[in-house]
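Structure assessment
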Amino acid sequence: MHCPFCKNPDSRVIDSRTADDGIAIRRRRSCTECGRRFTTQEAVILMVAKRSGVTEPFTREKIIRGVRRACQGRPVGEDQLAILAQRVEDTIRARGCAEIGSHEVGLAILGPLRELDEVAYLRFASVYRGFDSLADFEEEIALLRAAHANVRQLQRADIALRSDGLGAAPARGRVMASDTARAAVTKAAADPGDSRRDTAEQATQDTTGRTTQGTTGRTTQGTTGRTTQDMAQRTSAAGPSGAMTDPSGSREGRA
């Protein structure tokens, strides 16, 4: 690479960076003769073959110039045109061909241009495809209307799916609760005797528990009271030696 200042053919690279989404490399160079610095850019060359057989390098600027004429008077800015040209180049380079026909470049322009502005698309398509009558325009407009109808249908379907997704969790909770209640009602209706037997058994168990507890308490209390009273009576009837006396005054041992 010759120095643009002193025309020295020798220079050295002091910095390298990728550019244009990785399809080019920008290098910062320093001249070994005058010491001045300049920037170069290296990119893979994509050739475009015209109908006449002439080939020329692909450039975004040419696409922007052609689309700008179709967008004349339309609300389309330069940034949008630059993005469109980049999309067209990405589509073409993704095919992996070193040379491509100009017709394929035009086809790659139609899709992004239709999304950008439909009026500009009709202008560009009328020249590129060579519309000869109003029937050609009517046919293209009918295709655009059908595309719009498909888009609206897809949007409605997407909204419906989102609505179903948001209400799915509460709906599942309500269904589970109703299923549980329905199963309980169905079981009771199928065999009401089971419910009554369960209730009777529970009542019997409660009554038995209360009766046993009450009887045990009363029996223990009564037995303890009578035993204490008998012991007191025997103690009062015994003499000083602890022997019991009968009414006739005879002493006898306690059998």
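Everything discussed here concerns the structure shown above.
So, how was this worked out
- Residues numbered from 1 in each chain as written.
- Predicted model: local features only at pLDDT ≥ 70, side-chain atom pairs only at ≥ 80, totals over all residues.
- Heavy atoms only, no water.
- Helix = DSSP H or I, 4+ residues; strand = E, 2+ residues; numbered from the N terminus.
- Buried < 20%, exposed > 50% of the residue type's maximum accessible area, 1.4 Å probe, protein only.
- Contact = heavy atoms within 4.5 Å.
- Pairing = 2+ DSSP bridges.
- Axes fitted to C-alpha atoms, helices over the stretch in contact; angles between N-to-C directions.
- Arc of directions from axis to C-beta.
- Expected span 1.5 Å × (residues − 1).
- Core = buried A, V, L, I, M, F, W, Y, C linked by side-chain atoms within 4.5 Å.
- Parallel < 35°, antiparallel > 145°, perpendicular 65-115°, else oblique.
- Left-handed = near helix turned anticlockwise from the far one by under 90°.
- Nonpolar A, V, L, I, M, F, W, Y, C, P; charged D, E, K, R; others polar.
- Polar contact = N/O pair within 3.5 Å; in protein donor to acceptor, adjacent residues only side chain to side chain.

Details of the overall build of the chain
A tally of regular secondary structure across the chain gives 7 helices and 6 strands. Taken from N to C terminus, the helices and strands of the chain fall in the order β-β-β-β-β-α-α-β-α-α-α-α-α. For the chain, the proportion of its 255 residues judged to be buried stands at 19%. In the chain, of all internal contacts separated by at least 6 residues, the share reaching a separation of at least 24 is 38%.

Quick look at the sheet that holds strand β4 (residues 47-49)
Strand pairs in the sheet, formed through backbone hydrogen bonds, run parallel or antiparallel to each other. Pairing is mixed across the open sheet formed by 3 strands, whose spatial order is β5-β4-β6. Whereas interior strands pair on both sides, the edge strands pair on one side only; in this sheet they are β5 (55-57) and β6 (99-101). Direction aside, neighbouring strands of the sheet carry axes that sit 30° apart on average. With 3 bridges joining them, β4 and β6 adopt parallel strand pairing. Looking at β6, one finds that M47 is bridged to E99. Here helix α3 (residues 102-116) sits on the sheet and contacts β4 and β6; the angle it forms with β6, its principal contact strand, is near 75°.

Considering helix α1 (residues 60-70)
For α1, the set of buried residues is R60, I63, I64, G66, V67 and A70. Looking down the long axis of α1, one finds its buried residues gathered within 165° of arc, a one-sided arrangement. Summarising the contacts, the buried residues of α1 are in contact with α2 (78-93), α3 and α4 (118-128).

Comments concerning α3
In this model, α3 (15 residues) spans 21 Å end to end at C-alpha, consistent with the 21 Å of a helix rising 1.5 Å per residue. Of the positions making up α3, those classed as buried are V105, G106, A108, I109, L110, P112 and L113.

A look at the nonpolar core
Counting 28 residues, the largest nonpolar core has I63, V67, I92, V105, I109 and L113 as its most contacted members. Looking at this core, the element that brings in the most residues is α4, giving 6 residues. If we ignore the near neighbours within four places in the chain, the residues touching V67 are L81, L84, I109 and L113.

Observations concerning the packing of α3 against α4
In a packed pair of helices, the relevant descriptors are the angle between the two axes and the axis-to-axis distance. Contact pair α3 / α4: the axes reach a minimum separation of 9 Å and the direction vectors enclose 160°. As summarised for this structure, α3 and α4 are arranged roughly antiparallel, according to the angle between their axes. Judged by the twist between their axes, the crossing of α3 over α4 is left-handed. Only E118, A120, Y121, F124, A125 and Y128 of α4 make contact with α3, whose side of the interface consists of S102, H103, E104, G106, L107, I109, L110, L113 and R114. Looking at the contact of α3 with α4, its residues break down into 9 nonpolar, 3 polar and 3 charged.

A look at the side chain of R27
Looking at the element boundaries, R27 is found in strand β2 (residues 24-31). Within the structure, the side chain of R27 is placed 2.9 Å from the side chain of S16, a separation counted as a polar contact. Leave out the neighbours within four places in its chain, and R27 touches V13, D15, S16, F38, T39, T40 and E42.

As for the packing of α1 against α2
Interaxial distance between α1 and α2 falls to 9 Å at its minimum, and their mutual angle equals 125°. With respect to α2, the element α1 is oriented oblique. Considering how the two elements wind past one another, α1 and α2 form a crossing that is right-handed. Within the contact between the two elements, α1 uses R60, I63, I64, V67 and R68 and α2 uses E78, L81, A82, L84, A85, Q86, V88 and E89. In the contact of α1 with α2, the residues fall into 8 nonpolar, 1 polar and 4 charged.

Overview of unusual backbone geometry
Positive phi outside glycine occurs at K7, with the angle close to 65°. Checked against the element boundaries, K7 lands in the segment before β1 (11-19). Under the relative-accessibility criterion, K7 is labelled exposed at 58%.

Function cannot be read off these values alone, since they describe shape.
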